[in-house]
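Per-entry structural report
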Number of protein chains: 2
Amino acid sequence: MKRKTSQREAIRRVIIRADRPLSTDEIFKMARKLVPGLGIATVYRTLKSLKEEGSIHEVDLPGQTSRWELSDKDHHHHFLCRTCDKLFEIEGCLGDIDRLLPPGCSLEAHNILLEGQCPDCLQGMDN
Amino acid sequence: MKRKTSQREAIRRVIIRADRPLSTDEIFKMARKLVPGLGIATVYRTLKSLKEEGSIHEVDLPGQTSRWELSDKDHHHHFLCRTCDKLFEIEGCLGDIDRLLPPGCSLEAHNILLEGQCPDCLQGMDN
DNA sequence: ATAGGTGCAAACAGTTTGCATGTAT
DNA sequence: ATACATGCAAACTGTTTGCACCTAT
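Reading the values: rules and limits
Residues numbered from 1 in each chain as written. Chains lettered and ligands numbered in written order. Predicted model: local features only at pLDDT ≥ 70, side-chain atom pairs only at ≥ 80, totals over all residues. Heavy atoms only, no water. Domains from an automatic or database assignment. Buried area = accessible area lost by both parts, 1.4 Å probe. Salt bridge = Lys/Arg side-chain N within 4 Å of Asp/Glu carboxyl O. Helix = DSSP H or I, 4+ residues; strand = E, 2+ residues; numbered from the N terminus. Nonpolar A, V, L, I, M, F, W, Y, C, P; charged D, E, K, R; others polar. Core = buried A, V, L, I, M, F, W, Y, C linked by side-chain atoms within 4.5 Å. Buried < 20%, exposed > 50% of the residue type's maximum accessible area, 1.4 Å probe, protein only. Least-squares fit on C-alpha atoms with pLDDT ≥ 70 in both. Contact = heavy atoms within 4.5 Å.

1. Quick word on the domain arrangement of chain A
Residues and elements named next belong to chain A. Partitioning chain A into domains gives domain 1 (6–70) and domain 2 (76–126). Once you take the C-alpha centre of each, domain 1 and domain 2 turn out to be 21 Å apart. Roughly 750 Å² is buried in total at the junction of domain 1 and domain 2, and carbon and sulfur atoms are behind 60% of that figure. In this structure, the connection of domain 1 to domain 2 is made through 0 salt bridges. For the side of domain 1 that touches domain 2, the secondary structure elements donating two or more residues are strand E2 (56–61) and strand E3 (64–70). If one sorts the elements of the side of domain 1 that touches domain 2 by residue count, E3 sits on top with 3 residues. Looking at the side of domain 1 that touches domain 2 residue by residue, the classes come out as 4 nonpolar, 1 polar and 3 charged.

Here it is as structure tokens:
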């Protein structure tokens, strides 16, 4: 996949403009405003392709649908609001992770997810 | 749900005997050996009910299907083998998690998942 | 006897794929 | 011109639900 199509550009633009990782469906709805006829299959295919070319990163979440963010970021983790389901980027990391590793296992990655209420939802403005 | 049926007992037994959190499908296959006609819908319903009554806990994983473990355990996290997809319990936790919390957010839970190779898979015995 | 549990098949949600058509190169 | 991308619908996977039948109480 290398062609510069309006669909692909719209999807890329939506992700670039976002201030947090977006779900596939959010991207679909936002990109469809830019390219009216856009189909969901194209979104899935394009996200996969952007991921494979290395420009975006898929954030897998427990129990939730994947979110997508630009991959040119430093190592970080995420905070998930349990009310609005929005995901936010968290800076920094925790040290001494190796300490938890079971004996005989090799460590290839670690995932830290914080969950709670985001500022907006704490104020009862449920959105 | 309160009745003592062979299906429910088999499912409970499989989870109790396991040395690690099992997937719904693993539970289904193991319990079906104990109760031949067992249907997958019953497994889903029973797991949900055991969860609601508080005897088991659902481990949601990013990108993977849920695993189930007994809920009478201390706070812990998990290690996922990227080769055989088995999940292992990890003792202990990391301190200073609040430090990562974005300003204005409340913290209700945290999730730490380590990923890599388990001892068996490190030795090339791919299972 | 009867409320609740079970198995089956159909329904669902999210995601992927086959195919004919459209379009960037 | 043509190889690749798109939209649609069908297929797929994991999970849930409706319903007639079964069974623990």
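2. Focus on the nonpolar core
Counting residues in each nonpolar core, the largest one holds 26 residues, and the members touching the most others are A:Phe79, A:Leu114, B:Phe79 and B:Leu114. Looking at this core, the elements that each hand over two or more residues are strand E4 (77–81) and strand E6 (106–117) of chain A together with strand E4 (77–81) and strand E6 (106–117) of chain B.

3. What about unusual backbone geometry?
The phi dihedral of A:Asp85 is positive, around 65°, even though this residue is not glycine. Summarising the element assignment, A:Asp85 is placed in the loop between E4 and strand E5 (87–90).

4. Let's talk about the relation of the copies chain A and chain B
Each copy of the sequence occupies a distinct position, and chain A is placed on chain B by a rotation of 180° and an axial shift of 0.0 Å, giving an RMSD of 0.0 Å. With respect to symmetry, the two chain copies, as superposed, fit the operation of a two-fold axis. When the interface residues of chain A are mapped onto chain B, 100% of them again lie at the interface, so the same face is used by both copies.

5. Focus on the pattern of salt bridges
Any two side chains of opposite charge can pair, given that their charged atoms come close. All chains considered together, the criterion is met by 20 salt bridges over all chains. Residue B:Arg82 is joined to A:Glu108 by a salt bridge in which the shortest nitrogen-to-oxygen separation is 3.3 Å. Here A:Glu108 lies in strand E6 and B:Arg82 lies in the loop between E4 and strand E5 (87–90), a pairing that spans two chains. Residue classification places A:Glu108 among the partly exposed positions, given a relative accessible area of 41%. For B:Glu58, the salt bridge is made with B:Lys51, and the minimal N-O distance between the two is 2.7 Å. A relative accessible area of 40% places B:Lys51 in the partly exposed class.

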